[in-house]
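Next come the chains, spelled out residue by residue.
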Amino acid sequence: MPIETARPETLALHGGSWRADPTTGAVAVPIYQTTSYQFQDTGHAERLFALEELGHIYTRVSNPTQEALETRLAALEGGAAALAVSSGQAASAYALLNLARTGDNVVSSTDLYGGTWALFAATLKRFGVEVRFVDPADPENFRRATDERTRAYYAETLPNPKLELFPIQEVADIGRPLGIPLIVDNTAAPLTVRPFEHGAAVVVYSATKYIGGHGTSIGGVIIDGGNFPWEEHPERQPLLHEPDPSYHGAVWVEAVKPLGPIAYAIRARVTLLRDLGAAVAPFNAFQFIQGLETLPLRIRQHNENAIKVAEFLKAHPKVARVIFPGFATGEAKRRADTYLRGGYGALVGFELKAGKEAGRNFINALKLLYHVANIGDARSLAIHPATTTHSQLTGEEQLATGVTPGYVRLSVGIEHPDDIITDLAQALEASDVELLAAAE
Ligand SMILES: *Cc1c(COP(=O)(O)O)cnc(C)c1O
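In this text, all values refer to a predicted model and were calculated from it rather than measured experimentally. (Residues numbered from 1 in each chain as written. Predicted model: local features only at pLDDT ≥ 70, side-chain atom pairs only at ≥ 80, totals over all residues. Heavy atoms only, no water.)

J.: It is not clear to me how helix H2 (residues 42-49) should be interpreted in this structure. Could you clarify?
T.: Counting along an α-helix, one turn takes 3.6 residues, and residues three or four places apart therefore face a common direction. For H2, the full list of buried residues reads His44, Ala45 and Leu48. On an axial view of H2, the arc spanned by its buried residues comes to 100°, and they lie on one face. The exposed set on the far side of H2, more than 90 degrees from its buried face, consists of Thr42 and Glu46. Where H2 begins, the capping side chain belongs to Asp41, and its oxygen is found 3.0 Å from the backbone nitrogen of Gly43. Directly after H2, the chain includes Leu51, whose backbone phi takes a positive value near 60°. (Buried < 20%, exposed > 50% of the residue type's maximum accessible area, 1.4 Å probe, protein only. Helix = DSSP H or I, 4+ residues; strand = E, 2+ residues; numbered from the N terminus. Arc of directions from axis to C-beta. Polar contact = N/O pair within 3.5 Å; in protein donor to acceptor, adjacent residues only side chain to side chain.)

J.: What is the right way to read the UniProt feature "modified residue: N6-(pyridoxal phosphate)lysine" (unreviewed entry) in the protein from this model?
T.: Following the UniProt record, the feature "modified residue: N6-(pyridoxal phosphate)lysine" (unreviewed entry) maps to Lys209 here. Relative to the assigned elements, Lys209 resides in the loop between strand S6 (202-206) and strand S7 (220-224). Its relative accessible area of 12% is what places Lys209 among the buried residues. (UniProt positions renumbered as here; feature names shortened; annotations may be inferred.)

J.: Please clarify how the side chain of Asp244 should be interpreted in this entry.
T.: Structurally, Asp244 is set in the loop between helix H8 (238-241) and helix H9 (252-255). Although buried, Asp244 forms no salt bridge, and the nearest oppositely charged side chain, Arg267, lies 4.3 Å from it. In this structure Asp244 touches Gly249, Ala250, Trp252, Arg267 and Thr271, once residues within four positions along its chain are discounted. (Lys, Arg positive; Asp, Glu negative; His and termini not counted. Salt bridge = Lys/Arg side-chain N within 4 Å of Asp/Glu carboxyl O. Contact = heavy atoms within 4.5 Å.)

J.: Explain the sheet that holds strand S3 (residues 130-134) to me, please; I cannot follow it from the model alone.
T.: Sheet strands pair by backbone hydrogen bonding; their relative direction is either parallel or antiparallel. Taking strand neighbours across the sheet as the criterion, the seven strands line up as S1-S7-S6-S5-S4-S2-S3 in an open arrangement whose pairing is mixed. Edge positions in the sheet fall to strand S1 (81-85) and S3, since each of these pairs with one other strand and no more. With strand direction ignored, the average angle separating the axes of adjacent strands in the sheet is 20°. The pairing of strand S2 (residues 105-109) with strand S4 (residues 150-156) spans four bridges and is parallel. In the strand pairing of S4, Val106 is matched with Ala152. Helix H10 (residues 263-276) contacts S1, strand S5 (182-185), S6 and S7 of the sheet and is inclined by roughly 25° relative to S1. (Pairing = 2+ DSSP bridges. Axes fitted to C-alpha atoms, helices over the stretch in contact; angles between N-to-C directions.)

J.: Would you mind showing me how to read the sheet that holds strand S12 (residues 407-411) here?
T.: The strand order S8-S9-S12-S11-S10 describes an open sheet built from five strands, whose pairing is mixed. Unpaired on one side and paired on the other, strand S8 (319-323) and strand S10 (370-371) mark the two borders of the sheet. In terms of strand pairing, strand S9 (residues 347-352) meets S12 through five bridges, oriented antiparallel. Its bridge partner being in S12, Gly349 is matched across the sheet by Arg409. Taken strand by strand, helix H14 (residues 356-365) contacts S9, S10, strand S11 (381-383) and S12, and its axis lies near 130° from that of S9.

J.: Please explain the site of the ligand as it appears in this structure.
T.: Taken together, 13 residues sit near the ligand, with Gly88, Asp185, Ser206, Thr208 and Lys209 positioned nearest. Between a nitrogen atom of the ligand and a side-chain N or O atom of Asp185, the distance comes to 2.7 Å. Lys209 is positioned such that a nitrogen or oxygen atom in its side chain is 2.7 Å from an oxygen atom of the ligand. In isolation the ligand has 380 Å² of accessible area, and contact with the protein removes 92% of it. Partitioned by chemical class, the residues of the shell around the ligand number three nonpolar, seven polar and three charged. (Near = heavy atom within 4 Å. Areas by Shrake-Rupley, 256 points an atom, 1.4 Å probe, with all protein chains shown as cover. Nonpolar A, V, L, I, M, F, W, Y, C, P; charged D, E, K, R; others polar.)

Right under this line is the structure:
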């Protein structure tokens, strides 16, 4: 089919290399639960190992179920190639280690998922890769922190708890002439934000969240936009230009040229996945394919429900403030209008007037919403960061990341919106009852 012109709803079902199983005709992608693949003959094996021909050798590096997921994700995102891995954490680690080695640095937004923050500030540092954190409010901060050893820029498109859109185009435009790609984590806004249309070079996802969508499996994805001029920047990007001694001297920008603009994705697969081994299990890849097939439908409902929930909260007398891109003002609103399509995402933050204890009471009073440290499930979820995800930080540090004592984060699901609101309403009623009694 002329898939190039197809819309997201169609690509989620038909995009990529999969049509049907070549031997059985099975339409659903089978779980190819195999570690290895029979070579046709010695010549075939030799060509596969030399990357003269692409094919499966061993499931740590590639697998047909995984490949169906990867090619479909690349089609849906508008990228050239994708690499599925065993977690979102592995995806962000590989995305950077594919370009940076000891002595190099990366400039990253401060507004990050906690796990990413720990990876950048502690583990990559121990690897000798320095991550320089800058405030994304001013895109020029990225340029200011750049030097000749800067290999990449990194950010989340819609980071929580602040829920302010990252200036994708502005920062991509700073990096591109310098040979520095912008890598973005679009976990919180698949389809709603289209990073490649705004100049991002690489997109990473925790597939654990919206892509899987049902809270069953941990996984991650790196998507290569195929839109970055690596070959023009040999000094800036040595790992793609120097002969790779671990792959019989391959120069990645040259070695895979006949296969398309996928040097970045291939290198990540055949060196990092080969050596560090965070391969996604075929069963989990299958689960992500199931999730992907209904992603456009679910995202639409998530986004619609989130608007209703945000409006309900905004009008509620016990709520001091609602943090939601739809209510942004000034520069944050301009960014929201520029980068969001078809909704504002499904994360909604709000602050209870009665503060920290009320936040705790609110969470304890929920009956429908789950209290979990997760986002992107089809079910609605809630968490009180001050007593959980951000409890290790001092009060001051919490405020700097956007977490006030009464802040509650919701990941709005796809239940009927009235039922979500009914549960929120009763929990809000219960949130300060004891506090009021104690005050009397
Ligand atoms: C969950 C999450 C991650 C980490 O993904 P895992 O699949 O849990 O390893 C990274 N970034 C964001 C924005 C996330 O929400």
